[in-house]
Amino acid sequence: MPMDTRVEKITRAVEYIKSIIGGKETPLVGIVLGSGLGKLGELIEERIVIPYKDIPEFAVSTAVGHKGNFIYGRLGGKPVVAMQGRFHFYEGYPMDVVTRPIRVMARLGIQYLFVSNAAGGADPDYNVGDLMIIKDHLNFRPNPLIGPNFEDFGPRFPDMTAPYDLELISKIEKIAAEEGIAVHKGVYSASTGPTYETPAELRYYRQVGADAVGMSTVPEVIVARQCGLRVFGMSVITNKGNFDNVSKVLNDSDDVVVQADKAADRMTVLFRKLIATL
Ligand code: HPA
């Protein structure tokens, strides 16, 4: 049987990245840095930076606040790879392309995936700059595993009873307490975007269990779980929820990036300390 072209594309990207990083240690953790959160990438030591445009079969990030670099290096003393910027469904990329980097990182040998994003507050008590540990998610988009199954990557029907690793969550709660960094723990809800939520939509997401709302992350987590990776996720709240039609607050993507950038240092401390325990 001919090789699945999707697997060939993944293999091409993996081989190119391996040719650049040479015989370095296998990365343990893959990190996806969301809107405005790319700063963590600058703190990776012994960095090798590969622009997405050089990687075969990688898309380019067109979203604001996404730098478009794949980085190999060390964080918390461990070998890591990081994506400064991700691909979104709303950019017009099919789910296979949106999630390709996750399978590439899995093939590079990561065992853990850390995902981050900028998100709006659906819990009315969340404020701009707050951090939220993602404990679960709601998916209001096509599932990235629809279509012929990637048998090489995992089962047709992956279990999703604990998509976000409970041990990693309890470790980070301890680290956050030690560092005096306040964190919420909640449910991330993903819609396609690119529109922000109307007040009625936000009230709906809240009623069905969302604490934060965004346009990313969930496809990557689903694919990571299919590959058997252990996942940790964090949202940075960049705007408060707008639950009525009279508030003067407008959602603005430039402001999202500014607010995420301000919170990135705290998130970086938590990621680095958690990685150091792995
Ligand atoms: N909604 C959806 N996505 C977002 C938001 C929001 O309010 N803020 C940042 N990303």
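Criteria and cut-off values
Residues numbered from 1 in each chain as written. Predicted model: local features only at pLDDT ≥ 70, side-chain atom pairs only at ≥ 80, totals over all residues. Heavy atoms only, no water. Helix = DSSP H or I, 4+ residues; strand = E, 2+ residues; numbered from the N terminus. Polar contact = N/O pair within 3.5 Å; in protein donor to acceptor, adjacent residues only side chain to side chain. Contact = heavy atoms within 4.5 Å. Patch = residues over 30% accessible without salt bridge, like charges linked within 9 Å, V, L, I, M, F, W, Y side chains within 5 Å. Areas by Shrake-Rupley, 256 points an atom, 1.4 Å probe, with all protein chains shown as cover. Salt bridge = Lys/Arg side-chain N within 4 Å of Asp/Glu carboxyl O. Buried < 20%, exposed > 50% of the residue type's maximum accessible area, 1.4 Å probe, protein only.

S.K.: Explanation requested: the side chain of His-137 in the structure shown.
M.R.: Within the element layout of this structure, His-137 appears in strand E6 (residues 131–139). For His-137, the side chain forms a polar contact with the side chain of Tyr-164, separated by 2.8 Å. Setting aside residues no more than four positions away along its own chain, His-137 makes contact with Met-160, Tyr-164, Val-187, Tyr-188, Val-218, Val-221 and Ile-222.

S.K.: Which parts of the structure should I look at to understand a nonpolar patch on the surface?
M.R.: Taken together, the side chains of Phe-140, Tyr-204 and Val-208 present a nonpolar region at the surface, about 260 Å² in accessible area. With respect to the element layout, Tyr-204 can be found in helix H6 (residues 199–207).

S.K.: In this structure, what is going on with the side chain of Thr-238? I would like to understand it.
M.R.: Tracing the backbone shows Thr-238 in strand E9 (residues 230–239). A polar side-chain atom of Thr-238 sits 2.9 Å from a polar atom in the side chain of Asn-239. Beyond its immediate sequence surroundings of up to four residues, Thr-238 is in contact with Ala-118, Ala-119, Val-128, Asp-255, Val-256, Gln-259 and Ala-260.

S.K.: Help me out: how do you make sense of the pattern of salt bridges in this one?
M.R.: Counted by the stated rule, this structure contains 15 salt bridges. When the shortest N-O distance is used, the salt bridge between Arg-86 and Glu-220 registers 2.7 Å. With Arg-86 in the loop between strand E4 (78–84) and helix H3 (95–98) and Glu-220 in helix H7 (residues 218–226), this pair connects stretches of sequence that are 134 residues apart. The burial state of Arg-86 is the same as that of Glu-220; both residues are buried. Linking Arg-230 and Asp-165 is a salt bridge whose minimum nitrogen-to-oxygen distance equals 2.8 Å. Within this pair, whereas Arg-230 is found in strand E9, its partner Asp-165 is found in the loop between E6 and helix H5 (166–179), the two being separated by 65 residues in sequence.

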